[in-house]
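# Structural overview for review
Residues per chain, in single letters:
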Amino acid sequence: MTGCSQPSTLQEIRDEGVLHVITRTAPSIYVESEGGPTGYDYELAKLFANELGVKLRIRVADDNTEILSVLDKNYAHLGMLGLSSQPDTAGHFHSVATGITAQSILVYNRDVERPESLKDLAGKALHVVADSNHEHRLQKAREEIAELQWQVHPGLDAAGVLSRVESGEFPYAMVSSNELDLNHVFYPMVKEAFAVGEPGELAWFFPSAQDESLANAARQFLDTLEADGTLAQIAERFYGHLDRLNYVGARTFMHHVENRLPKYESLFRDYAKDFNMDWRLLAAIGYQESHWRPNAVSPTGVRGLMMLTRNTASHIGINNRLDAEESIQGGAKYFRIVHEKIPERITEPDRTWFALASYNVGFGHLEDARRLTEGAGKDPDRWMDVKEFLPLLAQKEWYTKTRFGYARGHEPVIYVQNIRRYYDVLARLNEPATPAPEQEEQIVQMEENPKSGILADELQPDEKLRAGLPAELGMIPPTL
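## Topic: the overall build of the protein chain
Regarding its fold elements, the protein chain presents 20 helices and ten strands. Within the protein chain, buried positions represent 56% of all 480 residues. Split by element, the accessible area of the protein chain, about 21,700 Å² in all, is 46% carbon and sulfur.

## Description of the nonpolar core
If you look at the biggest cluster of nonpolar residues, it comprises 57 residues, and the most contacted ones within it are Phe268, Ile285, Trp292, Met306, Ile328 and Leu356. When contributions to this core are tallied by element, the ones reaching two or more residues are helix H10 (250-259), helix H11 (261-274), helix H12 (279-290), helix H14 (324-341), helix H15 (350-361), helix H16 (363-375), helix H17 (383-389) and helix H19 (410-429). No other element matches the eight residues that H19 contributes to this core. With residues near it in sequence (within four places) discarded, tryptophan 292 still touches Phe253, His256, Val257, Arg260, Leu261, Tyr264, Phe268, Ala283, Gly286, Tyr287 and Leu305. Listed in part, the 36 residues of the second largest apolar core include Tyr30, Tyr40, Leu182 and Ala218.

## Looking at the environment of arginine 345
With respect to the helices, strands and loops of the structure, arginine 345 is situated in the loop between H14 and H15. Between the alpha carbons of arginine 345 and aspartate 381 there is a distance of 8.1 Å; along the sequence they are 36 residues apart. Setting aside anything within four residues of it in sequence, one finds arginine 345 in contact with Arg370 and Asp381. Side-chain polar atoms of arginine 345 contact the side chain of aspartate 381, separated by 2.7 Å.

## Considering the pattern of salt bridges
Enumeration according to the criterion identifies 16 salt bridges in this entry. Two residues, glutamate 367 and arginine 370, come together in a salt bridge whose shortest N-O distance is 2.7 Å. With glutamate 367 and arginine 370 both in helix H16 and three residues apart, this pair spans about one turn of that helix. Like arginine 370, glutamate 367 is buried.

## Overview of the pairing of strand E5 (residues 78-84)
Summarising burial for E5: seven of the seven residues are buried, a large majority. Side chains Leu78, Met80, Gly82 and Ser84 project from E5 onto one buried face, and the interleaved Gly79, Leu81 and Leu83 project onto a second face that is buried too. Pairing between strand E1 (residues 18-24) and E5: three bridges, direction parallel. Along E5, the bridge assignment pairs threonine 23 with methionine 80. Across four bridges, the pairing between E5 and strand E10 (residues 190-207) is antiparallel. Looking at E10, one finds that serine 84 is bridged to leucine 202.

## Focus: the confidence of the model for the protein chain
Residues shown with low pLDDT carry predicted positions that ought not to be read at fine detail. Looking at the protein chain as a whole, its pLDDT mean stands at 82, while 84% of the residues score no less than 70. The weakest mean pLDDT in the protein chain belongs to helix H20 (residues 439-448) at 28; the strongest belongs to H11 at 96. Contacts from residues 243-248, a stretch scored under 50 in pLDDT, to residues over four places away or in other chains number 19 contacts. Taken together, the stretch residues 432-480 has pLDDT below 50 and engages in 97 contacts with residues farther than four places along the chain or on a different chain.

## Comments concerning the packing of aromatic side chains
According to the stated counting rule, one finds ten aromatic pairs in the structure shown. Here the aromatic rings of phenylalanine 48 and tryptophan 204 are separated by 6.1 Å at their centres, their planes lie at 40 degrees, and the arrangement is tilted. Residue phenylalanine 48 is found in helix H2 (residues 40-52), and its partner tryptophan 204 is found in strand E10; the two are separated by 156 residues along the sequence. Taking relative accessible area as the criterion, phenylalanine 48 reaches 0% and is therefore assigned buried. Given a relative accessible area of 0%, tryptophan 204 falls into the buried group. Summarising the aromatic geometry, the rings of phenylalanine 93 and phenylalanine 205 are spaced 6.0 Å apart at their centres and angled 80 degrees between planes, so their arrangement reads as edge-to-face. Of this pair, phenylalanine 93 sits in strand E6 (residues 93-109) while phenylalanine 205 sits in strand E10; the two residues are 112 residues apart in sequence, bridging distant segments of the chain. For phenylalanine 93, a relative accessible area of 9% gives the class buried.

## Digging into the packing of helix H1 (residues 9-16) against helix H8 (residues 213-227)
Running from amino to carboxyl end, H1 crosses H8 at an angle of 85 degrees, the nearest separation of the two axes being 6 Å. Taken together, H1 and H8 sit at an angle that is classed as roughly perpendicular. Along the contact surface, H1 presents Thr9, Leu10 and Ile13, while H8 presents Ser213, Leu214 and Ala217. Grouping the amino acids of the contact of H1 with H8 by side-chain chemistry returns four nonpolar, two polar and no charged.

## Concerning H12
Counting along an α-helix, one turn takes 3.6 residues, and residues three or four places apart therefore face a common direction. Compared with an ideal rise of 1.5 Å per residue, which puts twelve residues at 16 Å, H12 spans 16 Å between its outermost C-alpha atoms and is within 8% of the ideal. Where burial is concerned, most of H12 is hidden: twelve out of the twelve residues are buried. Turning to H12, its buried residues are Trp279, Arg280, Leu281, Leu282, Ala283, Ala284, Ile285, Gly286, Tyr287, Gln288, Glu289 and Ser290. The backbone nitrogen of arginine 280 lies 2.8 Å from a side-chain oxygen of the residue at the head of H12, namely aspartate 278. Positive phi appears at histidine 291, one or two residues downstream of H12, with a value of about 60 degrees.

## Quick look at H8
With 15 residues, H8 extends 21 Å between its outermost C-alpha atoms, agreeing within 8% with the 21 Å of an ideal straight helix rising 1.5 Å per residue. Three or more residues of H8 are buried, namely Ser213, Leu214, Ala215, Ala217, Ala218, Phe221, Leu222 and Leu225. Taken from the residues just after H8, glycine 229 is the one with a positive phi, measuring 90 degrees.

## Side note on the packing of H2 against H8
Taken N-terminus to C-terminus, the directions of H2 and H8 make an angle of 110 degrees; their axes are 11 Å apart at the nearest point. It follows from the interaxial angle that H2 and H8 lie roughly perpendicular. Along the contact surface, H2 presents Leu44, Leu47, Phe48, Glu51 and Leu52, while H8 presents Leu214, Ala217, Ala218, Phe221, Leu222 and Leu225. Its residues assigned to classes, the contact of H2 with H8 comprises ten nonpolar, no polar and one charged.

About the cut-offs
Residues numbered from 1 in each chain as written. Predicted model: local features only at pLDDT ≥ 70, side-chain atom pairs only at ≥ 80, totals over all residues. Heavy atoms only, no water. Helix = DSSP H or I, 4+ residues; strand = E, 2+ residues; numbered from the N terminus. Buried < 20%, exposed > 50% of the residue type's maximum accessible area, 1.4 Å probe, protein only. Areas by Shrake-Rupley, 256 points an atom, 1.4 Å probe, with all protein chains shown as cover. Core = buried A, V, L, I, M, F, W, Y, C linked by side-chain atoms within 4.5 Å. Contact = heavy atoms within 4.5 Å. Polar contact = N/O pair within 3.5 Å; in protein donor to acceptor, adjacent residues only side chain to side chain. Salt bridge = Lys/Arg side-chain N within 4 Å of Asp/Glu carboxyl O. Pairing = 2+ DSSP bridges. pLDDT = per-residue confidence, 0-100. Phe/Tyr/Trp six-rings, centres within 6.5 Å; stacked < 30°, edge-to-face > 60°. Axes fitted to C-alpha atoms, helices over the stretch in contact; angles between N-to-C directions. Parallel < 35°, antiparallel > 145°, perpendicular 65-115°, else oblique. Nonpolar A, V, L, I, M, F, W, Y, C, P; charged D, E, K, R; others polar. Expected span 1.5 Å × (residues − 1).

What follows is the structure, given as structure tokens:
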């Protein structure tokens, strides 16, 4: 009898040598980046598979509906959905908390009246993604507010919902707090109203057809990571630096100009000259990448003052990415390579803006955005047009139509705009003439309104301060 007993789920996985995981593309869960797969849940799953001594096999689903269906049929060992366990899922799945707490947040377009509670939304349309925690909480709230109604959008993810709140198409919506944290900087017209329900821990889901051996092993593994501080460290990597996409205040920048830039200015000048660049542009890239910190390291493994990937450093002959001189040399060389890939027919300064976007997000994703731009009847050779389409690469309804797939398309837009501002200040500071009297006013305004440096350009550049710029960058249009 003992010899014929069914092996446990955990033993079956070890015998096969593979942990099958199903997930969806989302910054909070799993994304494909230039440096390979990444994401909070993905990093945990990779460590868990290593602990079990098996390979990790990821299958990417369209949405949570598909993930739940696959798990219900026991076609995967675990699912990563970005959901917390709810009463209606308890009988169908085992769940294990992953260390991130989230709750449902009511958001609205800043041009509509702020709701104070769900009662203010009675009779108004509220928008949510499919198979989320929000529906359960709204159903519970409708027990007291009979007129409460909402619309479910199976084809949209959180980014798609937020983009529609941003445009005003959806006056009100509900998103998870962690997804709002990761995306809010990209949608300045979206405002947070209030939380609905109690916070819950996001969890991995396991088919109820399995025994609980795998779930118990995962729970024990995550408890160990929590105890030794690894879980907190991984959470900090993905959630602790969300403000790095914000425009850094001008006063902070000026402080770094005075205290950090002098250590590296001669290197920026020398290597920019070697690769036919304006040194102030190279320095602006370095500041955006690392705030001129030679030992900077990102969650995805890029490092050094110019934040080069391992593959990029190897390709251009850089041995030590943490050496400031090698990093600056490598950054200048790589930018020149990227710049030369941009079609020559694109005139400056747009060609430089495209090169910066490519430096940040990759040439393939930039080309995807240019194809989307052309398909919409706009000019794929004009940065003003293409930057409207780059953010669509973060939305499932668009990136599934592209060659290179998902990308954090907002980031290159912010990246280029930030560098333009840093470049403007560096150009102004290095003018031989006395700075214009309005310079201090502009710095104060940039500090008081940090979002103006993200997705709007309320501060118009002063063309009189551009006498020292190279001819091809002398007439830079305002960032729109």
